[in-house]
Amino acid sequence: MPRPDSLSLREARRVAIAAQGFANGASDAESKAATVESRHARRMIGRLGLVQIDSVNVLVRSHYLPLFSRLGPYEAALLDRLAYGGKRRALFEYWGHEASLIPVEQQPLFRWRMARAKRGEGIYGELARFAVERRAYIDSVLAEVAARGPMGASELSGAGRGAGGWWGWSDGKRALEYLFWAGLVTTAGRRGFERLYDLPERVLPAAILDTPTPEEAEAQRALLRIAARAHGVATERDLRDYHRLDVADARLRIAELVESGDLIPVTVEGWDRTAYVTPDLRIPRKAPARALLSPFDSLIWERQRTERLFGARIRLEIYTPAHKREHGYYVLPFLMDERIAARVDLKSDRKACTLLVQAAHTEPHANPEAVAPPLAAELRRMAGWLGLERVTVCGGGDLTPALAGALES
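The rules behind each value
Residues numbered from 1 in each chain as written. Predicted model: local features only at pLDDT ≥ 70, side-chain atom pairs only at ≥ 80, totals over all residues. Heavy atoms only, no water. Buried < 20%, exposed > 50% of the residue type's maximum accessible area, 1.4 Å probe, protein only. Helix = DSSP H or I, 4+ residues; strand = E, 2+ residues; numbered from the N terminus. Pairing = 2+ DSSP bridges. Contact = heavy atoms within 4.5 Å. 1 Å grid on protein atoms, 1.4 Å probe; cavity = no way out; pocket = protein on both sides within 12 Å on 5 of 7 lines; lining within 4 Å. Points joined across faces, edges and corners; volume = space filled by probe spheres on them. Nonpolar A, V, L, I, M, F, W, Y, C, P; charged D, E, K, R; others polar. Arc of directions from axis to C-beta. Domains from an automatic or database assignment. Buried area = accessible area lost by both parts, 1.4 Å probe. Salt bridge = Lys/Arg side-chain N within 4 Å of Asp/Glu carboxyl O. Polar contact = N/O pair within 3.5 Å; in protein donor to acceptor, adjacent residues only side chain to side chain.

This brings us to the pairing of strand β8 (residues 264-268). With burial as the criterion, only one face of β8 is covered, namely that bearing Ile264, Val266 and Val268; the residues Pro265 and Thr267 on the opposite face remain uncovered. One ladder, built from two bridges, connects strand β1 (residues 6-7) with β8; its direction is parallel. Bridge pairing links serine 6 to threonine 267 in β8. The sheet contact formed by β8 and strand β9 (residues 275-277) spans three bridges and is antiparallel. When the sheet's bridge partners are listed, proline 265 is paired in β9 with tyrosine 276. The antiparallel hairpin formed by β8 and β9 contains six residues in its connecting segment, where glycine 270 sits at a positive phi of about 85°.

Now for the environment of threonine 186. For threonine 186, the location among the structural elements is in strand β5 (residues 186-191). Look at threonine 186 and you get buried, because its relative accessible area is 6%. Those residues within four positions of threonine 186 in sequence are excluded, and the remaining contacts are Glu93, Phe180, Leu196, Tyr197, Asp198, Leu199, Pro200 and Val203.

To continue, consider the side chain of arginine 14. Tracing the sequence through the fold places arginine 14 in helix α1 (residues 9-19). With a relative accessible area of 16%, arginine 14 lands in the buried category. Among residues more than four places away in sequence, those in contact with arginine 14 are Pro284, Arg285, Lys286, Ala287 and Glu338.

On to the layout of surface pockets, then. Gaps between atoms show up when a probe of the same size as a water molecule is rolled over them. Of the voids in this model, the largest pocket is the one considered here, and its volume is about 830 Å³. Elements represented by at least two residues in the lining of the largest pocket include exactly β4 (98-103), α9 (171-181) and β6 (194-198). Looking at the lining of the largest pocket, its residues break down into 14 nonpolar, three polar and nine charged.

Okay, α9 next. For α9, a buried count of ten out of eleven residues is recorded, marking the element as mostly surrounded by other parts of the structure. Turning to α9, the residues buried within the fold contact β3 (91-96), α6 (111-118), α7 (125-133), α8 (135-148), β5 and β6. At the exit of α9 stands glycine 183, carrying a positive phi of roughly 80°.

As a further point, take α7. Buried within α7 are the following residues: Leu127, Ala128, Phe130 and Ala131. The arc that holds every buried residue of α7, seen down its axis, measures 160°, which confines them to one face. Facing away from the buried surface of α7 by more than 90 degrees, the exposed residues are Val132 and Glu133. In this fold, the buried residues of α7 make contact with α8 and α9.

For the protein, the domain assignment lists domain 1 (6-105 + 213-277), domain 2 (124-204) and domain 3 (311-408). Once you take the C-alpha centre of each, domain 1 and domain 3 turn out to be 25 Å apart. Listed as interface residues are 18 residues of domain 1 and, on the opposing side, 17 residues of domain 3. A combined buried area of about 1700 Å² lies between domain 1 and domain 3, and 67% of that area is made up of carbon and sulfur atoms. In terms of surface lost to domain 3, no three residues of domain 1 exceed Val58, Leu59 and Phe68, which account for 39% of the buried area on that side. Taken together, domain 1 and domain 3 are joined by one salt bridge. If you look at where domain 1 meets domain 3, you find seven residue pairs in polar contact (both at pLDDT 80 or more). With four residues, the top contributor of residues to the side of domain 1 that touches domain 3 is α1. Taken together, the residues that form the side of domain 1 that touches domain 3 break down as eleven nonpolar, two polar and five charged.

Structure, rendered in structure tokens:
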């Protein structure tokens, strides 16, 4: 079958949903029915390329959600073992798309970023200045980690408290974050959500550390290939945003990948810029996934792309004053039958063993009576996964009457 040079918007959505691992070609119920094992989780994260970490715990921390959305209920400790399970770990923490869990096999692809960070490039300006002005102190922190690690910032000698600003970081935390960005320390584990730092040679598999470092351009091309596979179809902005590449670097590497045939330019209905696909593009006949999406899910984290694909304007409202929020504090879009059909503001009331729906809204194209039953099923599934006994609708929004009824039936 000849490869198309243009896609309809519906085809682009199907390609994107399939590329992100939803449904996997089976019915959605079938895809979420089996027991999720380590190999399933590894395969899925390998497909995505990375999972963004976030600390907000009003529902569950965001990095646990993508596997649930795609595979169904799983043991959350499974992800912890993959990320922090000794030298046989399958994932490591680094700056991919923001702070991320990334397959350890990709660690060499980020060494160019570590080298730049060590020179004060590509990191926060204040952190770069701190690295220059406090070099002797940073060296002493590295020596202390080598002698005492793994350890948290609060355990450093004379760690003290932050002085406000800069997220209230202490000098010790600043030093550790610089060393982390530069690849001189890494995350050995977490205590609660506090990062524990140690030397890479005591954390990462020896085979990974012994892997030769690729040339900078080669590594960037490899990251763009990962982004292209994870997207299915993507513009230049989409591709570079996946691993937060610089504009100039991304444009050069994308041009090289087009020239080599690793990326194929296409047009997409309604898009005002060129998109790219991989040579093995397959267009699914349907993509009927039903899933609650973390606000930091890789399907939707590039907001302009989400608007182009789904016609949904999604904004994070955590930092918006309560009276100005449109959809709520921690809002999960609901993917249903190739569209974003609704949004729900969720909270885990752990003392009451209840999943609270603090607001529920349908998208303009969606019918609340059609959305409510499948959404109720996903909410019950999520509550069971989180160890909660019930789902309670306690807020507003046009979807709440139908959703409350579906949950009662």
